[in-house]
Amino acid sequence: MSTTHHAARGRRRGKALGADAPRTTVGNDQPLDGPMTSVPSVAADAVADDATNGDWQTVRPRTMVDHAVDAIMAGAARGFILPGDRIVESELAKVLGMSRVPIREALRILESQGVVTSAPYKGIRLMTVSRERLDHVLEVRVSLETIAARRAMKAGRNGPAGIARLSSDVAELDLMAMRGDAYGFANADAAFHRTLCALGGNEVLSTLWESLARQLTIIFGLSTLGKGMAEIVEEHRILVSVFASGEDHILIQVGAVDFERNGRQAAYLRAPQSRDTAGWGTVEIPLVVVKNGSGPTVLLTGGVHGDEFEGQIAISRLARELDPGAVQGRVIMISALNVPAVLANTRLSPIDGRDLNRCFPGNARGTFSEMLAHYIDSVILPLVDVAVDVHTGGHSAEAALSTNMHYLPEAEARRRTMAAASAFGAPYNVVFWGVDEGATLTSSAERRGILTVGTEIGGWGRVSVEGARIGARGVRNLLKHLGVIDGTPDTRQRDGSPATRHMMVRDEGCYTFAPAGGVFEPQDLAGDNVREGDVAGYLHFVEDVDHPPIELRFRRSGVLWMAAGPGRVQRGDAVAVVMTDYDEASAAAV
């Protein structure tokens with residue numbers, strides 16, 4: 001992290017703070033070397049706990065030690081003591097016009113909070129400032145404030161009175177930003193977060209938070225966050241809105257991503273997940289946003305099911321390589337949306353046993369999968385114009401490489417979606433009426449009027465070489481089709497076909513289901529041509545030596561879209577799905 005400071009804070013004399021050091025102020029422009037009286041400061045204006053009377057706040061007595069702490073903090077935040085500078089007790093007492101006793105006690109307090117360090121033969125020095133330190137402080141502070149916010153919401157303190165207190169702090173933050181007062185801005189930021197912690201009503205939490213607050217005040221004051229004041233003010237307004245709504249289900253890492261900012265941003269969505277070994281545990285979901293100029297917003301998601309790998313590969317590759325300067329619009333890339341399932345290599349979440357793609361639009365107070373679905377539906381999808389959800393057959397099936405879409409009754413929406421699927425450039429595009437499609441991410445996007453394309457580009461629990469190639473090419477093809485990046489989509493197929501072949505799965509007759517549990521022996525591979533009445537496979541009962549296998553037959557002629565993968569199946573499992581060439585009249589008649 002850069003520790004370059006504004007010129008106004010760059011004047012300093014020597015490595016120790018001496019009597020000839022420049023004058024600075026605390027609170028209401030009071031000079032450091034002037035008489036010490038009770039003034040507002042980052043430490044002094046701590047929000048009282050709930051022992052208040054209406055809008056009145058409890059007044060706490062101030063000591064000379066309090067004033068000494070404030071003065072040292074002001075000097076550090078304004079740049080008159082820089083990171084690594086030695087702080088000499090006698091010289092500091094002379095500058096501040098007070099005895100060494102409160103100075104000594106103030107330095108002890110600040111040392112206990114990590115603001116200053118003490119080492120033999122090196123003396124007392126101001127903390128060092130680095131990106132790693134900032135990240136560590138923010139990580140802990142976010143955890144504490146998340147707990148405080150949840151406690152406050154549970155207790156109903158996110159009503160008009162609590163929101164008024166936070167809004168007042170935001171107004172002060174905005175005022176300091178307009179004045180360009182970095183130290184005043186740092187104080188106002190601390191006041192906002194202090195209020196949030198106080199609303200949580202946990203004195204121990206607030207005490208822990210205070211030690212972090214002083215470190216951040218110095219970092220803010222030195223302008224080392226690399227972020228504009230106006231941007232930070234807007235983030236705080238959003239926090240107030242989220243707090244007022246009472247929805248704390250998933251938090252974007254504070255200060256890590258702004259969906260409206262140009263450039264490339266990489267961050268993590270943090271979903272709360274308490275475990276036996278981590279009461280305040282979270283699950284971190286990687287997110288990359290690339291934005292530049294004007295154009296549509298495209299959402300790319302992979303890893304909705306953890307055992308489907310081609311989308312994870314294609315989107316994470318694009319997220320690393322996409323040049324913001326080449327983009328016109330915004331691309332939101334989540335390569336491993338269901339991180340717990342991705343890490344476990346399973347379709348269902350190992351946390352709650354749910355299929356994330358059957359949980360939409362979700363529930364902010366539900367299970368982990370329901371919370372995650374709710375966040376995507378309520379926060380991400382409202383930003384989106386086009387959504388691409390990359391799937392494969394996972395462990396359950398092998399899919400002929402394809403995009404897919406639901407049949408849309410509105411002709412123009414259907415035309416635009418089919419054109420987008422054609423641009424993606426998979427060998428097939430399948431228009432289908434699913435068995436259980438109402439609670440999917442695709443359905444949730446369609447309900448919002450978002451142009452939505454899915455894929456099935458592999459399966460059988462392994463990475464398809466051709467599926468990975470089609471996926472990587474396809475996401476770039478679609479961005480070209482939408483004008484987000486320059487270029488013409490390449491839709492040529494390995495068999496020489498120039499474009500995607502449009503198919504449909506129009507009714508239950510395209511499916512073959514297992515009538516019992518057993519081991520299924522398929523007769524065809526995904527992409528093979530099959531005929532109605534042909535044997536799709538044999539269902540074996542290997543545990544029963546005298547039980548003959550059952551022949552399962554295709555109920556429709558066409559191309560095998562989904563071929564069963566796991567071997568052992570249960571009664572009711574689809575073991576084959578046949579697609580036929582798309583026909584507009586037949587599709588409309590369903």
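(A) Focus on the overall build of the protein. In terms of regular secondary structure, the protein is built from 15 helices and 24 strands. Within the protein, buried positions represent 52% of all 590 residues. For the protein, restricting intrachain contacts to residue pairs at least 6 apart in sequence, the fraction spanning at least 24 positions comes to 72%. Looking at the protein as shown, the accessible area adds up to about 25,700 Å², and 52% of this sits on carbon and sulfur atoms.

(B) Representation of the packing of aromatic side chains within the structure. The final tally for this structure, using the stated rule, is 3 aromatic pairs. Relative to Trp 433, the ring of Tyr 407 has its centre 5.3 Å away and its plane inclined at 20 degrees; by these criteria the two rings are stacked. Of this pair, Tyr 407 sits in the loop between strand 13 (402–406) and helix 12 (411–424) while Trp 433 sits in the loop between strand 14 (428–432) and helix 13 (441–447), and the two are 26 residues apart along the sequence. Looking at Tyr 407, the relative accessible area reads 17%, which means it is buried. Since its relative accessible area comes to 22%, Trp 433 is described here as partly exposed.

(C) Focus on the environment of Asp 377. With respect to the helices, strands and loops of the structure, Asp 377 is situated in helix 11 (residues 368–380). Sequence separation between Asp 377 and Phe 360 is 17 residues, and the spatial gap between their C-alpha atoms is 7.2 Å. Beyond its immediate stretch of four places on either side in the chain, Asp 377 contacts Phe 360, Pro 361, Pro 382, Ser 444 and Arg 448. Among the polar contacts listed, one links the side chain of Asp 377 to the side chain of Ser 444, at a separation of 2.4 Å.

(D) Looking closely at the pairing of strand 8 (residues 282–292). Relative to strand 8, strand 7 (residues 263–272) runs antiparallel, the two sharing 10 bridges. Residue pairing in the sheet places Pro 272 in a bridge with Thr 282 of strand 8. Where strand 8 and strand 10 (residues 329–334) come together, 5 bridges link them in antiparallel fashion. By the bridge assignment for strand 10, Val 289 is matched with Ile 332.

(E) Structural context of the pattern of salt bridges. According to the stated counting rule, one finds 28 salt bridges in the structure shown. Across the pair Arg 462 and Glu 398 runs a salt bridge, and its minimum N-O distance is 3.6 Å. Taken together, the positions of Arg 462 in the loop between strand 15 (451–456) and helix 14 (465–481) and Glu 398 in strand 12 (residues 397–399) put the pair 64 residues apart, joining distant regions of the chain. Arg 568 is the salt-bridge partner of Glu 543, the closest N and O atoms lying 3.7 Å from each other. With a gap of 25 residues between them, Glu 543 in the loop between strand 20 (535–540) and strand 21 (550–553) and Arg 568 in strand 23 (residues 568–569) connect regions that are remote in the sequence. Looking at Glu 543, the relative accessible area reads 57%, which means it is exposed. Among the residues examined, Arg 568 registers a relative accessible area of 47% and is labelled partly exposed. The network of salt bridges with shared partners includes Glu 89, Arg 100 and Arg 104.

(F) Highlighting the sheet that holds strand 23. Pairing is antiparallel across the open sheet formed by 4 strands, whose spatial order is 21-20-18-23. A single partner strand is all that each edge strand has here, and the edge strands are strand 21 and strand 23.

(G) Representation of the nonpolar core within the structure. Within the largest apolar cluster, 32 residues are counted, with the highest numbers of intra-cluster contacts made by Ile 285, Leu 287, Leu 299, Leu 337 and Ile 376. Going through the elements one at a time, strand 7, strand 8, strand 10, helix 10 (339–344), helix 11 and helix 13 are the ones with two or more residues in this core. Element by element, the count of residues in this core is highest for helix 11, at 6 residues. Core analysis: the second largest hydrophobic core is formed by 27 residues, Val 288, Val 298, Ile 470 and Val 475 among them.

(H) Highlighting the packing of helix 5 (residues 160–179) against helix 8 (residues 229–245). Viewed as axis vectors pointing N to C, helix 5 and helix 8 meet at an angle of 175 degrees, and their least axial separation amounts to 9 Å. Classified by the angle their axes make, helix 5 and helix 8 are roughly antiparallel. Of the residues in helix 8, those touching helix 5 at Ile 163, Leu 166, Ser 167, Val 170, Leu 173, Asp 174, Met 176 and Ala 177 are Met 229, Val 233, His 236, Arg 237, Val 240, Phe 243 and Ala 244. When its residues are assigned to classes, the contact of helix 5 with helix 8 shows 11 nonpolar, 2 polar and 2 charged.

(I) Focus on helix 5. Relative to the 28 Å expected for 20 residues at 1.5 Å per residue, helix 5 spans 28 Å between its end C-alpha atoms, a close match to the ideal helical length. Where helix 5 is concerned, the buried positions are Gly 162, Ile 163, Leu 166, Asp 169, Val 170, Leu 173, Met 176 and Ala 177. All buried residues of helix 5 lie within an arc of 140 degrees about the axis, which places them on one face of the element. Along helix 5, exposed side chains directed more than 90 degrees from the buried face belong to Pro 160, Ala 161, Met 178 and Arg 179. Those residues of helix 5 that are buried are in contact with helix 6 (182–200) and helix 8. Where helix 5 ends, the next residue or the one after it, Gly 180, has phi of about 70 degrees, a positive value.

(J) Local environment of the packing of helix 2 (residues 89–96) against helix 3 (residues 100–112). For the pair helix 2 and helix 3, interaxial distance at closest approach is 9 Å and the crossing angle is 115 degrees. Crossing hand, helix 2 versus helix 3: right-handed. Facing helix 2, whose interface residues are Glu 89, Ser 90, Leu 92, Ala 93 and Leu 96, helix 3 presents Arg 100, Ile 103 and Arg 104. Looking at side-chain class alone, the contact of helix 2 with helix 3 contains 4 nonpolar, 1 polar and 3 charged residues.

Conventions and cut-offs
- Residues numbered from 1 in each chain as written.
- Predicted model: local features only at pLDDT ≥ 70, side-chain atom pairs only at ≥ 80, totals over all residues.
- Heavy atoms only, no water.
- Helix = DSSP H or I, 4+ residues; strand = E, 2+ residues; numbered from the N terminus.
- Buried < 20%, exposed > 50% of the residue type's maximum accessible area, 1.4 Å probe, protein only.
- Contact = heavy atoms within 4.5 Å.
- Areas by Shrake-Rupley, 256 points an atom, 1.4 Å probe, with all protein chains shown as cover.
- Phe/Tyr/Trp six-rings, centres within 6.5 Å; stacked < 30°, edge-to-face > 60°.
- Polar contact = N/O pair within 3.5 Å; in protein donor to acceptor, adjacent residues only side chain to side chain.
- Pairing = 2+ DSSP bridges.
- Salt bridge = Lys/Arg side-chain N within 4 Å of Asp/Glu carboxyl O.
- Core = buried A, V, L, I, M, F, W, Y, C linked by side-chain atoms within 4.5 Å.
- Axes fitted to C-alpha atoms, helices over the stretch in contact; angles between N-to-C directions.
- Parallel < 35°, antiparallel > 145°, perpendicular 65-115°, else oblique.
- Nonpolar A, V, L, I, M, F, W, Y, C, P; charged D, E, K, R; others polar.
- Expected span 1.5 Å × (residues − 1).
- Arc of directions from axis to C-beta.
- Left-handed = near helix turned anticlockwise from the far one by under 90°.

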